[in-house]
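# Analysis of the macromolecular model
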Amino acid sequence: MRMAVLIKQVPATENIKIDEKTGTMIREGVEAELNPLDLHAVEEAVRLKERLGGEITVISMGPPAARRAIASAIAMGCDRGFLISDRKFAGSDTLATSLTLAAGVRKAGEFDLIFAGERATDGETGQVGPAVGRYLGASVFTYVSKVASVEGGRIVLERAVEGGHETVAAPLPALLCVVKEINTPRLCTLAGKMRARRTEIPLLDAASLGIPDAKLGLGGSPTKVVRVMYPQITRNGKIFSAADDPDGAVRAVFDLLREHGAIEEATSDAE
Amino acid sequence: MPNSRGDVWTLAEVRDGAIHSVSWELLAWGRKLADKLGSRLASVVLGSGVADKTDSLIHHGADVVYVVDEPELATYRPDAYNAVLVSLVKEYKPEIFIASATTTGRTVMPVLYVDLETGLTADCTGLDIDPETKLLLQTRPAIGGNVMADIRTPNTRPQMCTVRPRSKRPLAPDANRRGEVIVKRGAAADLASIYQFLSFDREKAVGLPIQDAEIIVAGGKGMKNPKNFALLEELARRLGGSVGASRQAVDLSWAPYSAQVGLSGKSVTPKIYIACGISGAVQHLAGMSAADTVIAINTDPDAPIFRVADIGIIGNAMEIVPKLIDMCPGGCGRKGGEAR
Ligand SMILES: Cc1cc2nc3c(=O)[nH]c(=O)nc-3n(C[C@H](O)[C@H](O)[C@H](O)COP(=O)(O)OP(=O)(O)OC[C@H]3O[C@@H](n4cnc5c(N)ncnc54)[C@H](O)[C@@H]3O)c2cc1C
Ligand SMILES: Nc1ncnc2c1ncn2[C@@H]1O[C@H](COP(=O)(O)O)[C@@H](O)[C@H]1O
């Protein structure tokens, strides 16, 4: 099985702190990490390799520091990695990112299966995976919660959708955006870390991908961010202490629920 | 393209053979945009056996309904859906095309915009028309709701986005509204699919999927054990709501992953969110702080969940939740009322 995994480096979310006074996010000194949802993509590829054999290529587009994320995926059991990086990619929206990533995937080799995360915890669009799949002409599966079988050039899998799970099938090559429930990612082993350190991660730049400049970066992005705001998420609600006023608290909730029609008038009369 | 501006389109969603209510929410957004542009509002329906079910779209605000009713479209097949939509868009050239940020919408649109070479903005919570440029202004949260961004698609058409479910109420239906229904055949080449739908396994959860729920009773590690967690199911059942959970509760297998609320779970926008034994970590708040009303029950007066609560109760959830359950003895509220 020839597999690729798309991973992104994102600001580490456990370090996100909210400024108590302004209610906004403190961004200074926030470390970068591998997008936590992409760990499940890496893990699923490694599990399939253990079952079916093959090779896994990790691909990430980002600044040179994203090499660290690629190395940690290699430490989990992937075999090789490519970094797609160039100043010209700066400001890419999801369309330009997907076009660039698809070109990078093509450059990296031919693949039967390509894995992506459900979404990145910074941009949170979930658009890059399916779009890369479309550019590559692969079968596209989002919200994949289980790979049932990969046999005879065909994949059968489950998708977690509203209200349940559907089982679907399509021919390879396929791009799978996986959800968290698909597996529990393993930790890197020491041997894996050593191997990662020895593995060279070649660079793919704009020139090597052969995409016209007009389609790259900010200029190649149809969407433009015109304003960024930091909303305050404080509400100043009414706080009751159950110890001091047990019934007052419950009564307040009751009134609120009744106001919303969640509890009928008749019930209150019966009380 | 100033003079020949196209229509505003919404993608209707069909579930279990019927138009789903998220389609009406989209029409409420779309109506506002179309009125500001002075253009028509159209809804696109793809499915099988849906041609006679489009009235509700017109009653909820659509001027035009495009229906492609073919057996091949009975289930969501990415390639066939995409090809049919590409053909429709190329023929009618809409100015704006919006879909719901459901699992289907979030798959259809990112495939379609590649073929149309236009912009796509994910999971918007606000839409408007810029009065000067007449461009679509798309507002969306990012980084767990800590940032809100305004995004535009100035040069390519259609301007596309997905819209978070429950970010707007449907308009009150008007059974006297009239509109035009245009039934299109799908081209054989468009309908051909490499995807095979095999089966659907329905989840046996209390109430609706949390993304659709008006009331969510959510629990965290503070519920202590699965037996206590079941109290939340009881309360949810009686209120006609659904059960949500923090990541800790999901990791402890007290609730399925489909119930997880937050950064690595679902973003929910219910009318009422009742958080029981949830500390309110930023990653959790990311998924629920857009709820209309938040009720929090926690023993720790300093728990961050109280910062986003409209009603906070400092106390033991195992004592308070049963009192709330007792408030509606035989099961009450919308859903419960029917069951009585
Ligand atoms: C990358 C990343 C992604 C994440 N994504 C998510 C996500 O999607 N969703 C999510 O929820 N979390 C997520 N988390 C985890 C998040 O940081 C918190 O760990 C988690 O939300 C805490 O869950 P909790 O509130 O149930 O548990 P805790 O933080 O342990 O809180 C339990 C609370 O219960 C209270 N309590 C104890 N006893 C009682 C009692 N008898 N009655 C009432 N209250 C009581 C305590 O005071 C405490 O506040 C993520 C973390 C990371 C790093
Ligand atoms: N710059 C990137 N490099 C590699 N993979 C990416 C990149 N951006 C997004 N992805 C992949 O696409 C998924 C969805 O990302 P997003 O659309 O940004 O939410 C991620 O989980 C990754 O698997």
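I will try to describe carefully the structure that is included in this document. (Residues numbered from 1 in each chain as written. Chains lettered and ligands numbered in written order. Predicted model: local features only at pLDDT ≥ 70, side-chain atom pairs only at ≥ 80, totals over all residues. Heavy atoms only, no water.)

Turning next to the packing of helix α6 (residues 226-239) of chain B against helix α9 (residues 317-326) of chain B. All names here are of chain B. In the contact formed by α6 and α9, the axes pass within 9 Å of each other and the chain directions differ by 25 degrees. Compared by their axis directions, α6 and α9 come out roughly parallel. Note that α6 runs across α9; the crossing there is left-handed. Every residue of α9 that contacts α6 at N228, L231, L232, E234, L235 and R238 is listed here: M318, V321, P322, L324 and I325. For the contact of α6 with α9, the class distribution of residues is eight nonpolar, one polar and two charged. (Axes fitted to C-alpha atoms, helices over the stretch in contact; angles between N-to-C directions. Helix = DSSP H or I, 4+ residues; strand = E, 2+ residues; numbered from the N terminus. Parallel < 35°, antiparallel > 145°, perpendicular 65-115°, else oblique. Left-handed = near helix turned anticlockwise from the far one by under 90°. Contact = heavy atoms within 4.5 Å. Nonpolar A, V, L, I, M, F, W, Y, C, P; charged D, E, K, R; others polar.)

Moving on: the side chain of A:E44. Residue and element names in this part refer to chain A. Summarising the element assignment, E44 is placed in helix α1 (residues 36-52). The buried charged residue E44 lacks any salt bridge, with R47 as its nearest oppositely charged partner at 5.0 Å. Those residues in contact with E44, other than ones at most four positions away along the chain, are F115, V147, I182 and N183. (Buried < 20%, exposed > 50% of the residue type's maximum accessible area, 1.4 Å probe, protein only. Lys, Arg positive; Asp, Glu negative; His and termini not counted. Salt bridge = Lys/Arg side-chain N within 4 Å of Asp/Glu carboxyl O.)

Another aspect to go through is the packing of helix α7 (residues 246-259) of chain A against α9(B). Contact geometry of α7(A) with α9(B) gives a least axis separation of 10 Å together with a crossing angle of 50 degrees. As judged from the angle between their axes, α7(A) and α9(B) are oblique. Every pair of crossing elements has a handedness; the one defined by α7(A) and α9(B) is right-handed. The segment α7(A) lies against α9(B), with A:P246, A:D247, A:V250 and A:V253 engaging B:I320, B:K323 and B:L324. A per-class count over the contact of α7(A) with α9(B) returns five nonpolar, no polar and two charged.

The next subject is the site of ligand 1. In the vicinity of ligand 1, 30 residues are found, and the nearest of them are B:K221, B:K224, B:S246, B:S264 and B:N298. What surrounds ligand 1 is not a single chain but chains A and B. One nitrogen or oxygen atom from the main chain of B:V261 is found 2.8 Å from a nitrogen atom belonging to ligand 1. B:S264 places a side-chain nitrogen or oxygen 2.7 Å from a nitrogen atom of ligand 1. Of all the elements in the fold, those that place two or more residues in the shell around ligand 1 are α7 (247-251), α8 (282-288), β17 (293-298) and α9 of chain B. Split by residue class, the shell around ligand 1 holds eight nonpolar, 17 polar and five charged. (Near = heavy atom within 4 Å. Polar contact = N/O pair within 3.5 Å; in protein donor to acceptor, adjacent residues only side chain to side chain.)

Okay, the packing of aromatic side chains next. Residues and elements named next belong to chain B. Scanning all chains against the criterion turns up seven aromatic pairs over all chains. Taking 5.1 Å as the distance between ring centres and 45 degrees as the angle between the ring planes, the aromatic pair formed by W9 and Y66 counts as tilted. In this pair, W9 sits in strand β1 (residues 8-11) while Y66 sits in strand β5 (residues 64-69), placing the two residues 57 residues apart along the sequence. Judged by relative accessible area, Y66 falls into the buried class, the value being 1%. With a centroid separation of 4.5 Å and 45 degrees between ring planes, the pair formed by Y66 and Y92 is classed as tilted. With Y66 in strand β5 and Y92 in helix α3 (residues 78-92), this residue pair connects regions lying 26 residues apart in the sequence. With a relative accessible area of 26%, Y92 lands in the partly exposed category. Of the aromatic side chains, those joined through ring pairs into one cluster are W9, Y66, Y92 and F97. One residue, K168, lies across the ring of W29, its end atom 4.5 Å from the ring centre. (Phe/Tyr/Trp six-rings, centres within 6.5 Å; stacked < 30°, edge-to-face > 60°. Lys NZ or Arg CZ within 6 Å of the ring centre and 35° of its normal.)

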